[in-house]
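# Coordinate inspection notes
Each chain, letter by letter, is given below.
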Amino acid sequence: MFEIKAKDMRGRVGVLKTKHGNVKTPALMPVIHPRKQAIDVKKYGADIVITNAYLIYKDEDLKQKAIEEGLHKLINFDGPVMTDSGSFQLSVYGDVDITNKEVIEYQELIGTDIGTSLDIPTAPFVEREKAEEDLKITLERAKEAVEFKKENNIEMLLNSVVQGSTFMDLRQKCASELSKLDADLYPIGAVVPLMESYHYKELVDVVMNSMMYLPENTARHLMGAGHPMIFALAVAMGCDLFDSAAYILYAEDDRLLSTRGTFKLENLQEMPCSCEVCSKYTPDDLRAMPKKQRRDLIAQHNLHVSFAELRLIRQAIYEGSLMELVEERCRAHPALLDAVRQLSNYSDDFEKYDPRSKKSAFFYTGAESLSRSEVLRHQQKMMEMPKKRDLVVLPPSRKPYSKFISGKLGEFYVYGNKGEFDGENTDFMVLDVPFGLIPLEVDELYPLSQSATPKIRDKDSLEFINQFFSEFIEDYNQVLVHSRLKDTLDIELSDKFEDEEIRYKKDDVRKLKAIADYQFGWGAGESLLKGNINVEKSKKTGKIRHIYDGKTLIVNMRASDSYLVLSKEGAKRLHGACEYPKNRVVVNKDSEPFALDGKSVFSKFVVECDENIRANDEVLIVNEDDKLLAFGKSLLSAVEIEDFQTGQAIKTRKGFKK
Ligand code: GUN
Ligand code: ZN
């Protein structure tokens, strides 16, 4: 039903399959009013729409017409249609004239592609008792709907809505219970009041505490979210679908949507974008128009900016710049800035989803960037790293640092016990924002060099790297700090280090071993790079390209991110060097011949995998007896590989068929 095509953070570009066609996600479903629809939303970019089955059911004419002609004909849309169940009416009027079973049955009868059970949207900040009571009913009804679907062989896809108000444990419980039901899609409900009241920080908590307990292999819909201002944030948290009544409701009210907020027509001197409407008319033109004509034009603008934003978001996912977009969008309002700051409480979760390497560079856009997965991941690696006796700390230069640092390094101060300088027994690292410390050997790896930070450092980031520094240096005997860092580091430095010159000697093999250790685990470098190592470099750039033992290729170095790409020999060596299941994806018996043949591995054949695998990692493909079958590049994270039953998990490079 749902496949991932590209990913960034928790965001995914995916394909949702329905019997009326496939939908590229993240997608926006404009709300179609079954009686009052004035705008042809397909013309403005809608591939899927949502309408309300209860409103149709309650209207005798529409009810019969939908049964006779089908829903698609009724609303004049031949693509996929989702229907809501009357839950919204329930939450407004306190009651509806339909049972859960009836509404499921009716949705199937009229040919809905994706139907919804009659969940209870519990408002935010209610009494706990109320939230618990409502949740019990929501869960019972979701279960009833799934069972009803199974018993009657219903083809219609089914939404099971996550509720639980603003009680995080209830959201978690609801999401876990619903996951067990094996529903087709998981909307997150009752968030409209949070968005309308600018409680974006609470929105983050509600969405994350639902999301973390939902399966990866289904689409998630942020119900009632139709303002383009929050799309990027919601997608980064893992939302795949949005629905918008906002485009028409705001238009009725003479309000224009934008990613920077909402404009009232009465205040506009200039039209806010470059869509057809904004290019053709001035605010005065619009103000002078009859109400209906004006409403339809504003709705057209509203749809345009919403679809444009989703295109931009999907592009950002393809290139790996989704968080840059989120950080930019969330500067449109202080409450949104709260939301992006609140994301930092979920950094450990996001790290599990974020690809290891991306097409676009990491841009530091402010203190919020310090909580990003890339920073957390690097610092975690550093804390696990075996340390040499001493540490030399260097100031940042141009990147890659190692290209511009060599020979005599200048004046140093001592921190800790004073001793001799021994180049062999010393780690050389650059102190920089935001990653903290970067060993010179691995500095070309993504994103350490593929990143940019403003030259004027902010206080938060300096405090951040100081904090990391003081924890990291604990086990060193002697720390030598370059004189240019005296003002950056707030530690007590003693005398100048006077013994002798401190030099950094470049060494390709030492560098390659360090990269292998960083990439595959500490100790991997020694096994991977044994023998008579020859390094072949690019004549043009001087960068390492191929690494041989004698004449046998072991690994290539990828130019874009400097990660090592295995050869057959490299895969064998790595397999011998690290213990099961490290760096491994384990496939079942059935898929063994395909793997040996070099065919790509599909998620459903994977029985186990190293929990540290992230998209774009080099991985070994083995059977359950740990026999090496093939090797390749992971397209997903471990958590996703485990959940998916469709689609590719590993792009195989080569199989070991004789
Ligand atoms: N539309 C907006 N919020 C909700 C919700 O919580 N449940 C349903 N079924 N529809 C909604
Ligand atoms: Zn416009």
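Residues numbered from 1 in each chain as written. Chains lettered and ligands numbered in written order. Predicted model: local features only at pLDDT ≥ 70, side-chain atom pairs only at ≥ 80, totals over all residues. Heavy atoms only, no water.

By the naming in an unreviewed UniProt entry, the protein is tRNA-guanine(15) transglycosylase, taken from Methanobrevibacter millerae. Taken verbatim from the UniProt record of the protein, the Sequence similarities (unreviewed entry) comment is "Belongs to the archaeosine tRNA-ribosyltransferase family." Under the heading Catalytic activity (unreviewed entry), UniProt records this for the protein: "guanosine(15) in tRNA + 7-cyano-7-carbaguanine = 7-cyano-7-carbaguanosine(15) in tRNA + guanine". (UniProt positions renumbered as here; feature names shortened; annotations may be inferred.)

### Regarding the UniProt feature "binding site: substrate" (unreviewed entry) in the protein
In this structure's numbering, the residues bearing the UniProt feature "binding site: substrate" (unreviewed entry) are Asp119 and Ala190. For the residues just named, distributed over 72 residues, the greatest C-alpha separation is only 10.0 Å, placing them together at one site. Structurally, aspartate 119 is set in the loop between β7 (114-116) and α6 (128-151). With near-sequence residues (within four places) excluded, aspartate 119 lies in contact with Ser85, Ser87, Leu90, Thr138, Val161 and Gln163. Looking at where alanine 190 falls in the secondary structure, it is placed in the loop between β9 (185-188) and α8 (192-196). Exposure remark for alanine 190: the relative accessible area of 14% places this residue in the buried category. Among all residues touching alanine 190, those that are not within four sequence positions of it are Pro121, Thr122, Pro124, Gln163 and Arg171. (Helix = DSSP H or I, 4+ residues; strand = E, 2+ residues; numbered from the N terminus. Contact = heavy atoms within 4.5 Å. Buried < 20%, exposed > 50% of the residue type's maximum accessible area, 1.4 Å probe, protein only.)

### A few points about the packing of helix α9 (residues 200-211) against helix α16 (residues 334-342)
At a minimum axis separation of 7 Å, α9 and α16 run at an interaxial angle of 35°. Both α9 and α16 take part in a crossing whose hand is right-handed. Counted together, Tyr200, Lys201, Val204 and Asp205 of α9 and Ala335, Leu336, Asp338, Ala339 and Gln342 of α16 form the full contact between these two elements. Among the residues making up the contact of α9 with α16, the classes are represented as five nonpolar, one polar and three charged. (Axes fitted to C-alpha atoms, helices over the stretch in contact; angles between N-to-C directions. Left-handed = near helix turned anticlockwise from the far one by under 90°. Nonpolar A, V, L, I, M, F, W, Y, C, P; charged D, E, K, R; others polar.)

### Here's the deal with the pairing of strand β3 (residues 21-25)
Where strand β2 (residues 11-18) and β3 come together, five bridges link them in antiparallel fashion. Looking across to β3, one finds that lysine 17 is bridged to asparagine 22. The hairpin formed by β2 and β3 contains two residues between the paired strands. (Pairing = 2+ DSSP bridges.)

### With respect to the site of ligand 1
Lining the immediate surroundings of ligand 1 are Asp84, Ser87, Asp119, Pro121, Gln163, Gly189, Ala190 and Met223. Glutamine 163 has a polar side-chain atom sitting 2.9 Å from an oxygen atom of ligand 1. Grouping the amino acids of the shell around ligand 1 by side-chain chemistry returns three nonpolar, three polar and two charged. (Near = heavy atom within 4 Å. Polar contact = N/O pair within 3.5 Å; in protein donor to acceptor, adjacent residues only side chain to side chain.)

### Focus on the sheet that holds strand β18 (residues 426-432)
A sheet is described by the order of its strands in space; here five strands give the open sequence β17-β21-β15-β18-β19, paired in mixed fashion. With one partner strand each, in any of the chains shown, β17 (412-416) and β19 (436-439) form the two edges of the open sheet. Adjacent strand axes in the sheet meet at a mean angle of 30° when their direction is disregarded. Where β17 lies against strand β21 (residues 478-482), five bridges are found, and the strand directions are antiparallel. By the bridge assignment, tyrosine 413 is partnered in β21 with valine 481.

### A closer look at the pairing of β19
Within a regular beta strand, the side chains point alternately toward one face of the sheet and then the other, so they alternate between its two faces. Inspection of the sheet shows β18 paired to β19 by four bridges, in the antiparallel sense. From the neighbouring strand, valine 430 faces β19, where its bridge partner is isoleucine 438.

### As for the UniProt feature "active site" (unreviewed entry) in the protein
In the numbering used here, UniProt assigns the feature "active site" (unreviewed entry) to Asp84. Here aspartate 84 shows up in strand β6 (residues 81-84). Setting aside chain neighbours within four positions, we find aspartate 84 in contact with Ile50, Thr51, Asn52, Ala53, Tyr54, Gln107, Thr116 and Met223.

### A short note on the coordination of the zinc ion (ligand 2)
The coordination sphere of the zinc ion (ligand 2), as far as protein atoms go, consists of Cys273 (SG), Cys275 (SG), Cys278 (SG) and His301 (ND1), spread over 2.1 to 2.3 Å. Within one chain, the residues serving as donors to the zinc ion (ligand 2) are arranged as C-x1-C-x2-C-x22-H. (Donors = N, O, S within 2.8 Å, 3.2 Å for Na, K, Ca; no water.)

### So, the sheet that holds strand β29 (residues 606-609)
Pairing between sheet strands relies on hydrogen bonds along the backbone, with the strands arranged either parallel or antiparallel. Pairing is mixed in the open sheet, where six strands are placed in the order β28-β32-β31-β30-β27-β29. Strands at the two margins of the open sheet, each flanked by one partner only, are β28 (601-602) and β29. Here strand β27 (residues 584-587) pairs with β29 via three bridges, running antiparallel. What sits directly across from valine 586, in β29, is glutamate 608. The strands touched by helix α23 (residues 568-577) within the sheet are β27, β30 (618-622), β31 (628-634) and β32 (648-655), with β31 carrying the most contacts at an inclination of about 105°.

### Brief notes about the packing of aromatic side chains
Taken as a whole and judged by the stated rule, the model has nine aromatic pairs. Ring centres 6.3 Å apart and planes at 85° place the aromatic pair phenylalanine 421 and phenylalanine 428 in the edge-to-face group. Accessibility classification places phenylalanine 421 together with phenylalanine 428 in one group, the buried group. With a centroid separation of 5.6 Å and an interplanar angle of 25°, the aromatic rings of phenylalanine 468 and phenylalanine 472 are classed as stacked. With phenylalanine 468 and phenylalanine 472 both in helix α20 (residues 459-472), this residue pair falls four residues apart, about one helical turn. Using a relative accessible area of 6% as the deciding quantity, one classes phenylalanine 468 as buried. (Phe/Tyr/Trp six-rings, centres within 6.5 Å; stacked < 30°, edge-to-face > 60°.)

### Brief notes about the packing of α6 against helix α7 (residues 168-181)
The N-to-C vectors of α6 and α7 enclose an angle of 10°; their axes lie 10 Å apart at closest approach. What the angle tells us is that α6 and α7 run roughly parallel. When α6 is examined against α7, the residues Arg128, Ala131, Glu132, Leu135, Leu139, Ala142, Lys143, Val146 and Lys150 are found in contact with a partner set consisting of Asp169, Leu170, Cys174, Glu177, Leu178 and Leu181. The residue inventory of the contact of α6 with α7, partitioned by class, reads nine nonpolar, no polar and six charged. (Parallel < 35°, antiparallel > 145°, perpendicular 65-115°, else oblique.)

### Describing a negative patch on the surface
Taken together, the side chains of Glu608, Glu611, Glu624, Asp625 and Glu642 define an acidic patch exposed on the protein surface. Here glutamate 624 lies in the loop between β30 and β31. (Patch = residues over 30% accessible without salt bridge, like charges linked within 9 Å, V, L, I, M, F, W, Y side chains within 5 Å. Areas by Shrake-Rupley, 256 points an atom, 1.4 Å probe, with all protein chains shown as cover. Salt bridge = Lys/Arg side-chain N within 4 Å of Asp/Glu carboxyl O. Lys, Arg positive; Asp, Glu negative; His and termini not counted. Charge placed at Lys NZ, Arg CZ, Asp CG, Glu CD.)

### What to know about the nonpolar core
Residues Leu437, Phe469 and Ile502 are the most contacted members of the largest nonpolar core, which totals 105 residues. Apart from the residues within four sequence positions on either side, leucine 437 is in contact with His378, Met382, Val393, Met429, Val430, Leu431, Phe468, Phe469 and Phe472. Counting 85 residues, the second largest nonpolar core, distinct from the first, contains Val191, Ala251, Ile298 and Ala299. (Core = buried A, V, L, I, M, F, W, Y, C linked by side-chain atoms within 4.5 Å.)

### Observations concerning a positive patch on the surface
Together, Lys568, Lys572, Lys627, Lys654 and Lys658 make up a region of like positive charge exposed at the surface. Its place among the elements puts lysine 627 in the loop between β30 and β31.

### Quick notes on helix α21 (residues 508-520)
Relative to the 18 Å expected for 13 residues at 1.5 Å per residue, α21 spans 18 Å between its end C-alpha atoms, a close match to the ideal helical length. When α21 is considered as a whole, its buried residues turn out to be Lys511, Leu512, Ala514, Ile515, Ala516, Asp517, Tyr518, Gln519 and Phe520. For α21, the N-terminal capping position is held by aspartate 507, with its side-chain oxygen 3.0 Å away from the main-chain nitrogen of valine 509. Looking one or two residues beyond α21, the residue adopting positive phi is glycine 521, at roughly 120°. (Expected span 1.5 Å × (residues − 1).)

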